[in-house]
Amino acid sequence: MDLDRADLQVVVWEANDADLKFALREGLDMHLFNARSVWDLPIPLDELRESHPDFPKWKKKYAKFRQLAKQAVHATNYGVGDRKLAQTIGITQSAARDFKTKWFRAHPGIHTWHKRVEEQARSRGFVENILGARLYIMGRFDLPEALAWGPQSTVAGVINRALVAIDAEEQRGLAPIQLLLQVHDSLAGQFPTSQRESCLATLNRLGKVELPYPDPLVIPVGIKTSTSSWGECE
């Protein structure tokens, strides 16, 4: 069981960006959607769905822009500097600076979130996520570290709340689901195949944790199952 694009969902809700929320809710290809917003690519919105017959055409035609957006948007969201961005994706510092300017212009809420985190850290000595967890600033303030901590700690809080709820259900004898592993935004476990439908319903129900933003966020849950034993893996 894993949370769908969990860190990105939190970044978008922290920025309170209506366009990015729309893209996530509609299941659009986020990398191509982002490339479209930065470089004004002439792609109809509904054709950014992987299920649309014209989607493969756009993905192939703008593959270079999509890959640049995939790398650069993630780094920019987490406060990368011009020089590091240029080195990371193999462009000039001028091009990196231009990309960041266009991204913040298209989605100003991202930049506003950056400034809010920095102001909170400098004025209060810590940053706090939506669940109330805090990262205290010890020594020199590092904006990229603080920005990354927010979504990552929030996602950890969500998956751990789901873990506790699922385990409690098992302990009370209400669902025969045994948790075996937790990795950042995902859980692995097992249940009797004879009770597959009821267990999947339980996982879907307990895996959805509401984050108390003004526009509440419930990160979608995805579940994959297999009847093969882990012992069969090579």
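Refer to the structure above for everything that follows.
Residues numbered from 1 in each chain as written. Predicted model: local features only at pLDDT ≥ 70, side-chain atom pairs only at ≥ 80, totals over all residues. Heavy atoms only, no water.

**Q** Which parts of the structure should I look at to understand the overall build of the protein?
**A** If you tally the helices and strands in the protein, you get 10 helices and eight strands. Reported as C-alpha extents along the three principal axes, the dimensions of the protein are approximately 60 × 50 × 40 Å. Counting over 234 residues, the protein shows a buried share of 40%. Pairs at least 24 residues apart make up 52% of the contacts formed inside the protein by residues separated by at least 6 positions. Accessible area for the protein stands at about 13100 Å²; split by element, carbon and sulfur atoms hold 50% of it. Computed over 30 positive and 29 negative side-chain charges, the inter-centroid distance for the protein is 6 Å. (Helix = DSSP H or I, 4+ residues; strand = E, 2+ residues; numbered from the N terminus. Buried < 20%, exposed > 50% of the residue type's maximum accessible area, 1.4 Å probe, protein only. Contact = heavy atoms within 4.5 Å. Areas by Shrake-Rupley, 256 points an atom, 1.4 Å probe, with all protein chains shown as cover. Lys, Arg positive; Asp, Glu negative; His and termini not counted. Charge placed at Lys NZ, Arg CZ, Asp CG, Glu CD.)

**Q** It is not clear to me how helix H10 (residues 196-206) should be interpreted in this structure. Could you clarify?
**A** An α-helical turn contains 3.6 residues, so a residue and the one three or four places further along point in the same direction. For H10, the set of buried residues is Cys199, Leu200, Thr202, Leu203 and Leu206. Seen end-on, H10 carries its buried residues on one side only, within an arc spanning 160 degrees. Of the surrounding elements, those touching the buried residues of H10 are helix H9 (143-171). (Arc of directions from axis to C-beta.)

**Q** Hey, could you run me through the packing of aromatic side chains in this one?
**A** How two aromatic rings sit relative to each other is set out by the distance from centre to centre and by the angle between their planes. Evaluated as defined, the whole model comprises five aromatic pairs. Between Trp39 and Phe99 the ring centres are 5.7 Å apart and the planes differ by 45 degrees, which places this aromatic pair in the tilted class. Here Trp39, found in helix H3 (residues 30-39), pairs with Phe99, found in helix H7 (residues 93-106); they are 60 residues apart in sequence, far enough to count as distant. With relative accessibility at 6%, the residue Phe99 sits in the buried group. With a centroid separation of 6.1 Å and an interplanar angle of 10 degrees, the aromatic rings of Trp58 and Tyr62 are classed as stacked. (Phe/Tyr/Trp six-rings, centres within 6.5 Å; stacked < 30°, edge-to-face > 60°.)

**Q** Just checking my understanding: could you explain the pattern of salt bridges for this structure?
**A** In a structure, side chains of opposite charge can pair up when their charged atoms sit close to one another. Applying the stated rule across the entire model yields 15 salt bridges. Notably, a salt bridge pairs Glu26 with Arg49, separated by 2.5 Å at the nearest N-O pair. Taken together, the positions of Glu26 in the loop between helix H2 (18-25) and H3 and Arg49 in the loop between H3 and helix H4 (55-61) put the pair 23 residues apart, joining distant regions of the chain. A salt bridge links Glu128 to Arg134, with the nearest nitrogen and oxygen atoms 3.5 Å apart. (Salt bridge = Lys/Arg side-chain N within 4 Å of Asp/Glu carboxyl O.)

**Q** Hey, could you run me through the layout of surface pockets in this one?
**A** Empty space among the atoms becomes apparent when a probe as large as a water molecule is rolled across them. In this structure, the largest pocket occupies an estimated 630 Å³ of space. Considering the residues around the largest pocket, the lining is formed by 21 residues, among which Gly189, Gln190, Phe191, Thr225 and Ser226 are closest to the centre. Where the lining of the largest pocket is concerned, the elements lending two or more residues are strand E4 (178-183), strand E5 (186-190) and H10. In terms of residue class, the lining of the largest pocket is built from 11 nonpolar, eight polar and two charged. (1 Å grid on protein atoms, 1.4 Å probe; cavity = no way out; pocket = protein on both sides within 12 Å on 5 of 7 lines; lining within 4 Å. Points joined across faces, edges and corners; volume = space filled by probe spheres on them. Nonpolar A, V, L, I, M, F, W, Y, C, P; charged D, E, K, R; others polar.)

**Q** Could you clarify how one ought to interpret the packing of H3 against helix H5 (residues 63-77) in this entry?
**A** Any two packed helices are characterised by the angle at which their axes cross and by the distance between the axes. Closest axis-to-axis distance for the H3/H5 pair is 8 Å, and the angle between their directions is 95 degrees. One finds that H3 runs roughly perpendicular with respect to H5. Only Phe65, Arg66, Leu68, Ala69, Lys70 and Val73 of H5 make contact with H3, whose side of the interface consists of His31, Leu32, Asn34, Ala35 and Trp39. (Axes fitted to C-alpha atoms, helices over the stretch in contact; angles between N-to-C directions. Parallel < 35°, antiparallel > 145°, perpendicular 65-115°, else oblique.)

**Q** Would you mind showing me how to read the environment of Val12 here?
**A** Mapped onto the fold, Val12 is located in helix H1 (residues 6-15). According to the relative accessible area criterion, Val12 is buried, its value standing at 1%. Through-space distance from the C-alpha of Val12 to that of Ile110 is 7.7 Å; in sequence the pair is 98 residues apart. Every residue in contact with Val12, bar those within four places of it in the chain, is listed here: Asp17, Leu20, Lys21 and Leu24.

**Q** Just checking my understanding: could you explain the nonpolar core for this structure?
**A** As a rule of thumb, soluble globular proteins bury nonpolar side chains together. Residues Met1, Leu3, Leu85 and Trp103 are the most contacted members of the largest nonpolar core, which totals 64 residues. Considering every element that reaches this core, the biggest residue donor is H9, with nine residues. Excluding residues within four positions of it along the chain, Leu85 makes contact with Ala72, Ala75, Thr76, Val80, Ala96, Phe99 and Lys100. (Core = buried A, V, L, I, M, F, W, Y, C linked by side-chain atoms within 4.5 Å.)

**Q** How should I be thinking about the packing of helix H6 (residues 82-89) against H7 in this particular structure?
**A** Across the interface, H6 lies against H7 with an axial gap of 8 Å and an inter-helix angle of 105 degrees. As judged from the angle between their axes, H6 and H7 are roughly perpendicular. Only Gln93, Ala96, Arg97, Phe99 and Lys100 of H7 make contact with H6, whose side of the interface consists of Asp82, Arg83, Leu85 and Ala86. Broken down by class, the residue content of the contact of H6 with H7 amounts to four nonpolar, one polar and four charged.

**Q** Would you mind showing me how to read the pairing of E4 here?
**A** Two faces make up the sheet, and in a regular strand the side chains alternate between them. When E4 meets E5, the two strands line up antiparallel, connected through five bridges. Paired with Gln182 across the two strands is Leu187, which belongs to E5. Counted between consecutive antiparallel strands, the loop separating E4 from E5 contains two residues, among which His184 sits at a positive phi close to 50 degrees. (Pairing = 2+ DSSP bridges.)

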